[in-house]
Structures are given as structure tokens and as C-alpha cells.
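# Tertiary structure, described
So you can see what is in the structure, the chains are spelled out below.
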Amino acid sequence: PGEGPFPNPATVGEILTRFLDISGLPKPEVLESLAGSCPDQDQRNLLLGMASRATGHALYDGFMVKQKRGLIEVLDECPSLQLTMSKLVEVCPRLQPRYYSISSAGLTSPDQLHVTCTVVREKQYGGRVFEGVCSTYISKLEVGRERERERGGGMVRRQTVETHRKADCHVAYHSVTNPSNWGLIRHNPSIWGLFVALIVERIRQVGDNVRCFTRTTGFKLPLMPSIPVILIGAGAGIAPLRGMMQHLDGVRRQRRRIGQNMLVFGCRRRDEDFLYEDEILGHTRDGTLSHLLTAFSREGSEKHYVQDEIRAKATEFLTVLNMGASVYVCGAGDMAAEVRRAIVQVLMKHVGASEEKATRFVDTMRKQGRYMQDVW
């Protein structure tokens, strides 16, 4: 009677790998619920202490949040905990999709989705290593192997997965040979600006389907390719900007006019994490990019970030901006805030605008859809 939380039938393995977020952070009320199944007094007090609304915040923050402990680590710390399968299903949060900007263009790769992400591996107290659920999943996909699959329900019939690594970033290209039957991998090349959501499965076999879906986003190029764009990103923030550059390159190859386009890219070192370096330099040679500004924060005696490069190359930056360019910023929230501050400072110093007027100018661009951010 009623609809269950999982497809029926489902094995315990499927439930643990596809539906429950066993590595996610348990909420205090979950710890309180688990305490009743913990016969060891000290271990029970630990759980109740972290769940206490009066005094538990600091303990919970220090023991769980900062050390990125999930339910598995709770079981390690409280070995007397008697956790039944029904209790696990009751308290464990459901595994949520992880959203990534697509780093390819439907115009140039109509049967592929490219994903660029940072593989999260952080050493914690005691030598334990915290691994990001989805980024680790992507990093362990098999490379360059192909196998026929005959599955019903609109599943992809054949899939090739290729992976390329540079520093701690990972790029996975997921392609299918039957674009008329997307199933779990859907990319409409007539719509620019998509997010792909990977639904993580911890069991990986060559030829298996990558479970994902797409959704639209407002972070997309102007309708007219002749309008200049300024693309600003750092690290894996290059992802959607790469897709935009590929799209503009495809338009150029169709002998249609494109604008004076600029990329401002930052990373730690050129030889370590300049993602898509050859591809980007190719865009500068063929005219897809008219301007390339780079900031390698760990190569000089002082750290140099994208916002510093904008200030250092203010005249070149303003030349493109004054052509009516649209600005796209992708990366960490702190970086995006510093980029916005740098643009305001450039307007103040080189145009003579007051801080209020420069800020209002950027705000107007945002309201007009000419200043967009994709930040985390």
C-alpha cells in the first residue's frame, strides 16, 4: 500500500549505492534518534551531546562539520550502535544529484556532454581522507572503453567514457552513438546553456550508463554572436566558459561574424592546472578569442589573481567592455566578489566615475542580463 521510497524490488546494495547518502552529514536530530540504539553510555552521551539544542552546537560543529564526518564515521566512533536496515532508511538522507555546468557546446559536440570538476580529496584529523561523492565517482570512470547495451526504458544503447586529468581537476566526456534516443543522457543542441546533474552510483562497470539529466540555465551567450563577451573564470570555473568558446568557434567556422571576445583565466601554475591550455591558445590563433588574459597565482613572488589581471590590463579590458560586451563570471563566490570590485575600481580609475556611479553601471549591466555569474 502506498508508494515506497525506492523502486521495488531493490537490493540492499542498490539502496546503499543509489538512494541513500551514507557519506552525508547527519543532522543533530538524526544523532539524537541514533542515541537510543546505542547501549554504550559514553557513546550515547557523545551523540546526545552533539544533538543538544542548548550546548551541542560547538561540539557538533567541531566533531562533525569541520571534520566532514558522515554516518559511516559515526558508526566507526560508536561501534556499539545497533543500526537496523529499517532504521538506516528512516534516518539517512536521500542521495541528491550533483549539478555541474556542461563544459561543451551542443553546436560542436551534439552527441556528447563534457564535465569539468575538481576532484575533492581532503585529509582529515587522524589521517582519514574525505572524498567528494560525485567527483570521486567521475574520477574512477573507466577510460576509453565501449560496450553494447540493450536496455529498455529509453536507456542509452552504447556509451563511451573518456577521462583526462590535469592537477586535481577531472574531465569526463560522455558520448552516445544513438542521439535520437537520449534516455538518461539528454542534451538538446538547440538550447544553449545547460546544467548536467550526475546521479551518483558507487558501482561502476565498463559500459554501464552514467545516470544524469539536464536542465536549462540563464547563464548563456547573447542571441547575437556578434556581441562581444568577456569570460572570467578560475580553476574549474572554466567549465561553462569553455562551452561558450566552443560555441563561438562553431559559429566562426560557419563563417558567421562573431564579436571581439576576451577570456580572463586564472589558476595556480601554467604547467599544473591551466585547463584546456592548447584549446584556448588555439582559439586565440583562429580569432575566436581576440584577447586572452591569464593570472597564475603561484608563479611570481606575489599572488596574482584574475581580479589583479583585470586591474593590470584595465585599458584592454575597457576596450572590449566599451564595445557593449556581456560579462560572464564563473568560479568561487569570493573570486566573483573580487572581480566585481576590480571592475568598479577600473571604472573609477580609468573612466573617472565615482564609486557610486561605477557600482550603478555594473548593477545596470546585471539587470540588463549583460553581467552574469555562475558561482559556488
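### So, the overall build of the protein
Each helix and strand in the protein was counted, giving 14 helices and 14 strands. In the protein, which comprises 376 residues, the share counted as buried stands at 47%. Residue pairs in contact within the protein that sit at least 24 positions apart in sequence constitute 69% of those at least 6 positions apart. Accessible area of the protein: about 18,900 Å², with a carbon and sulfur share of 49%.

### Here we look at the nonpolar core
Within the largest apolar cluster, 28 residues are counted, with the highest numbers of intra-cluster contacts made by Ile230, Ile232 and Val339. When residues of this core are traced back to their parent elements, those giving at least two are strand S10 (229-234), strand S11 (262-267), helix H11 (306-312), helix H12 (314-321), strand S13 (326-331), helix H13 (333-351) and helix H14 (355-367). Here the element with the most residues in this core is H13; it accounts for 8 residues. Core analysis: the second largest hydrophobic core is formed by 23 residues, Leu20, Met50, Cys78 and Val91 among them.

### Things to note about the confidence of the model for the protein
Predicted confidence across the protein gives a mean pLDDT of 84, with 81% of residues reaching 70 or more. Contacts of residues 144-162 to residues separated by more than four positions or lying in other chains number 57 contacts, the stretch itself having pLDDT below 50. Under a pLDDT of 50 for its full length, residues 172-194 has, in the predicted model, 90 contacts with residues more than four places off or in other chains.

### Thoughts on the packing of aromatic side chains
One pass over the structure, following the stated rule, counts 4 aromatic pairs. Measuring from ring centre to ring centre gives 5.5 Å for Phe219 and Tyr328, while their planes differ by 85 degrees; the resulting arrangement is edge-to-face. Pair noted here: Phe219 is in the loop between strand S9 (212-216) and S10 and Tyr328 is in strand S13, with a separation of 109 residues, a long-range link. Accessibility expressed as a relative area gives 1% for Tyr328, which makes it buried.

### So, helix H3 (residues 41-51)
All of the buried residues along H3 are Gln43, Leu47, Met50 and Ala51. What you see down the axis of H3 is that its buried residues fit within an arc of 105 degrees, all on one side. For H3, the secondary structure elements touched by its buried residues are helix H2 (28-35), helix H4 (56-65) and helix H5 (71-77). Where H3 begins, the side chain of Asp40 points an oxygen toward the backbone nitrogen of Asp42, at a separation of 3.1 Å.

### Some points on the pattern of salt bridges
Pairing between side chains of opposite charge can happen when their charged atoms approach one another. A full pass over the atoms with the stated rule returns 17 salt bridges. For the salt bridge of Lys87 with Glu90, the shortest nitrogen-to-oxygen distance reads 3.8 Å. Here the residue Lys87 and the residue Glu90 both occupy positions in helix H6 (residues 85-91), the gap between them amounting to 3 residues, near one helical turn. A salt bridge links Glu309 to Lys313, with the nearest nitrogen and oxygen atoms 2.8 Å apart.

### As for the packing of helix H8 (residues 238-253) against helix H10 (residues 277-286)
Relative orientation and spacing of two packed helices are given, respectively, by the angle between their axes and the distance between those axes. It is the contact of H8 with H10, at a shortest axis distance of 11 Å, that shows an interaxial angle of 35 degrees. Like other packed secondary-structure pairs, H8 and H10 cross with a definite hand, here left-handed. Touching Ile238, Arg242, Met245, Gln246, Asp249, Arg252 and Arg253 of H8 are Glu279, Ile280, His283 and Asp286, all from H10. Residue classes in the contact of H8 with H10 are distributed as 3 nonpolar, 2 polar and 6 charged.

### Let's talk about the sheet that holds strand S14 (residues 371-375)
Neighbouring strands of a sheet are bound in pairs by backbone hydrogen bonds; such pairs are parallel or else antiparallel. Strand order in the open sheet made by the 5 strands is S12-S11-S10-S13-S14, with parallel pairing throughout. Unpaired on one side and paired on the other, strand S12 (291-296) and S14 mark the two borders of the sheet. Each strand axis lies, on average, 10 degrees off the axis of its neighbour in the sheet, ignoring direction. Pairing of S10 with S13, which is carried by 5 bridges, proceeds in the parallel orientation. Bridge assignment links Ile230 to a residue of S13, and that residue is Val327.

### Some details on unusual backbone geometry
Within the chain, Lys68 stands out as a residue other than glycine whose phi angle is a positive 50 degrees. Inspection of the secondary structure puts Lys68 in the loop between H4 and H5. Classification of Lys68 as partly exposed rests on a relative accessible area of 30%. One non-glycine residue, Arg255, lies in positive phi territory at about 65 degrees.

### A word on the environment of Arg18
By the secondary structure assignment, Arg18 is in helix H1 (residues 12-19). Arg18 sits 12 residues away from Phe6 along the chain, and the two C-alpha atoms are 9.5 Å apart.

Definitions and limits used
- Residues numbered from 1 in each chain as written.
- Predicted model: local features only at pLDDT ≥ 70, side-chain atom pairs only at ≥ 80, totals over all residues.
- Heavy atoms only, no water.
- Helix = DSSP H or I, 4+ residues; strand = E, 2+ residues; numbered from the N terminus.
- Buried < 20%, exposed > 50% of the residue type's maximum accessible area, 1.4 Å probe, protein only.
- Contact = heavy atoms within 4.5 Å.
- Areas by Shrake-Rupley, 256 points an atom, 1.4 Å probe, with all protein chains shown as cover.
- Core = buried A, V, L, I, M, F, W, Y, C linked by side-chain atoms within 4.5 Å.
- pLDDT = per-residue confidence, 0-100.
- Phe/Tyr/Trp six-rings, centres within 6.5 Å; stacked < 30°, edge-to-face > 60°.
- Arc of directions from axis to C-beta.
- Polar contact = N/O pair within 3.5 Å; in protein donor to acceptor, adjacent residues only side chain to side chain.
- Salt bridge = Lys/Arg side-chain N within 4 Å of Asp/Glu carboxyl O.
- Axes fitted to C-alpha atoms, helices over the stretch in contact; angles between N-to-C directions.
- Left-handed = near helix turned anticlockwise from the far one by under 90°.
- Nonpolar A, V, L, I, M, F, W, Y, C, P; charged D, E, K, R; others polar.
- Pairing = 2+ DSSP bridges.

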